[in-house]
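# Notes for the structure review
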Amino acid sequence: MVGAGVIGLTAAVVLATAGVRTEVWSAEDPDDTPSARAGAVWTPVPQAPLDASLAWAARSLHEFCGASRVPGSGVRLAEGLTLVEPVSAVRLPPLTRLSPDLRDAAPGDLPPGFGAGLRYRVPVIDMARYVPWLLRRLGEAGGRVRRRQVAGLGEALAAAPVVVNASGLGARELTPDPTVRPVFTQYVVTDNPGLDRVVVDTTDPRRWVSIVPHADRVHLGGVRITGRDDDRPDRELASDVLRRCRDLEPALLDARITRIDTGLLPSRPTMRVEAELRPDGLVVHSYGHAGGGVTVSWGAAHAVAALVTDRA
Ligand SMILES: Cc1cc2nc3c(=O)[nH]c(=O)nc-3n(C[C@H](O)[C@H](O)[C@H](O)COP(=O)(O)OP(=O)(O)OC[C@H]3O[C@@H](n4cnc5c(N)ncnc54)[C@H](O)[C@@H]3O)c2cc1C
């Protein structure tokens, strides 16, 4: 496995649990990847290929609901509120309808100035606890992680008959695949003044904002800039997100800003999960999951495992 982000680690857990001898090589420590900085909320977004995206998000939802009952997994089921232009749940695309307990919000649920919203239950994944939990599961199944940067997939194929390419944005050079592009994303992290509910404001289609509370902190996000390759924090955008989130949840006015998290999402016109037979061995690709990698991680992992075991 090349890559120890959420895509590589989850696939490694599935493969090792199925009895496949699995070693993960990663240029970064698993707790220092873009995945480890994710918000993260299970958010069914329509990513191509749509059928796979639907199936993989559904599979992940099942796994995250199970994980929410396991102490120490870092996963919990929270109440969610998405503020929308007036729309009824029955007319929403199928991906959105996957959300458990989806219903129209009552007027009393809405912040002042908003006319419509949807309520649901949603898995919230605290990556600071979830990544170590995945690593423990991998270790228990006999898999291991090594810090190692590879210059090409051939280097990994020299060590293993099957290589999974879960290198995120690194797939641009490693595959190589020029259709992989960075999307800059940024979250303001504050301490938690007592919030529990996830709130997403989608009423400005150009820029959503989201409030994702964990036990000890809150991630305030929504920034996405396609093609930006520079992951330095943007303080002007951070101020705008903070202002909008404080309007939605006034308790945030008292919250202390602890840091600004940024990341470059591995975007691609379609997610790529497929096998490629090369002269030196089999490569199973799994990259291009853009802003929904956590959401599709378990479904993509099982798709990878099927390709590895079918063709190995
Ligand atoms: C701030 C932030 C918030 C997010 N919030 C959400 C959310 O709420 N819900 C959601 O579903 N998704 C969310 N995402 C998106 C999600 O995190 C990504 O889709 C996911 O991180 C992609 O995972 P990945 O494993 O493909 O890539 P990465 O996490 O980037 O991991 C790539 C791995 O490949 C390794 N690698 C690359 N090149 C090489 C090489 N040459 N040799 C060896 N190793 C290499 C890296 O070291 C790393 O281990 C968020 C992302 C960010 C940054």
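The coordinates are above.
The following paragraphs examine the structure supplied in this document. (Residues numbered from 1 in each chain as written. Predicted model: local features only at pLDDT ≥ 70, side-chain atom pairs only at ≥ 80, totals over all residues. Heavy atoms only, no water.)

## Some remarks on the site of the ligand
Of all residues adjacent to the ligand, which total 36 residues, the nearest are S26, E28, S35, A290 and T295. For the ligand, an oxygen atom lies 3.4 Å from a polar atom in the backbone of V6. One nitrogen or oxygen atom from the main chain of V41 is found 2.8 Å from an oxygen atom belonging to the ligand. Against a free-state accessible area of 1,000 Å², the protein chains account for coverage of 95% of the ligand. For the shell around the ligand, the secondary structure elements donating two or more residues are α1 (6–17), β7 (181–190), β11 (257–267) and α8 (293–311). In terms of residues, the shell around the ligand owes the most to one element, α8, which gives three residues. Among the residues making up the shell around the ligand, the classes are represented as 16 nonpolar, 17 polar and three charged. Looking at which domains feed residues into the shell around the ligand, each of domain 1 (6–76 + 122–180 + 270–311) and domain 2 (182–196 + 213–267) gives three or more. (Near = heavy atom within 4 Å. Polar contact = N/O pair within 3.5 Å; in protein donor to acceptor, adjacent residues only side chain to side chain. Areas by Shrake-Rupley, 256 points an atom, 1.4 Å probe, with all protein chains shown as cover. Helix = DSSP H or I, 4+ residues; strand = E, 2+ residues; numbered from the N terminus. Nonpolar A, V, L, I, M, F, W, Y, C, P; charged D, E, K, R; others polar. Domains from an automatic or database assignment.)

## Section: the sheet that holds strand β13 (residues 281–287)
What links the strands of a sheet is backbone hydrogen bonding, and the strands pair in either a parallel or an antiparallel sense. Strands sit in the order β6-β13-β12 across an open sheet of three strands; the sheet is mixed. Edge strands, defined here as strands with exactly one partner in the open sheet, are β6 (162–165) and β12 (272–278). Strand-to-strand, the axes of this sheet are offset by a mean angle of 15°, without reference to chain direction. Here four bridges tie β6 to β13, and the two strands are oriented parallel to one another. Of the residues in β13, the one forming a bridge with V163 is V283. (Pairing = 2+ DSSP bridges. Axes fitted to C-alpha atoms, helices over the stretch in contact; angles between N-to-C directions.)

## What to know about the nonpolar core
Among the nonpolar cores identified, the biggest contains 55 residues, and M1, W56, F64, I125, M127, Y130 and V284 are the most heavily contacted of them. Core analysis: the next-biggest nonpolar cluster, separate from the first, contains 26 residues, V199, V223, A238 and V241 among them. (Core = buried A, V, L, I, M, F, W, Y, C linked by side-chain atoms within 4.5 Å. Buried < 20%, exposed > 50% of the residue type's maximum accessible area, 1.4 Å probe, protein only.)

## Digging into the side chain of Q47
Relative to the helices and strands, Q47 resides in the loop between β1 (23–26) and α2 (50–67). We classify Q47 as buried; its relative accessible area is 11%. From its side chain, Q47 meets the backbone oxygen of H289 in a polar contact 2.8 Å long. Every residue in contact with Q47, bar those within four places of it in the chain, is listed here: S53, M271, G288, H289, A290, G291 and G292. (Contact = heavy atoms within 4.5 Å.)

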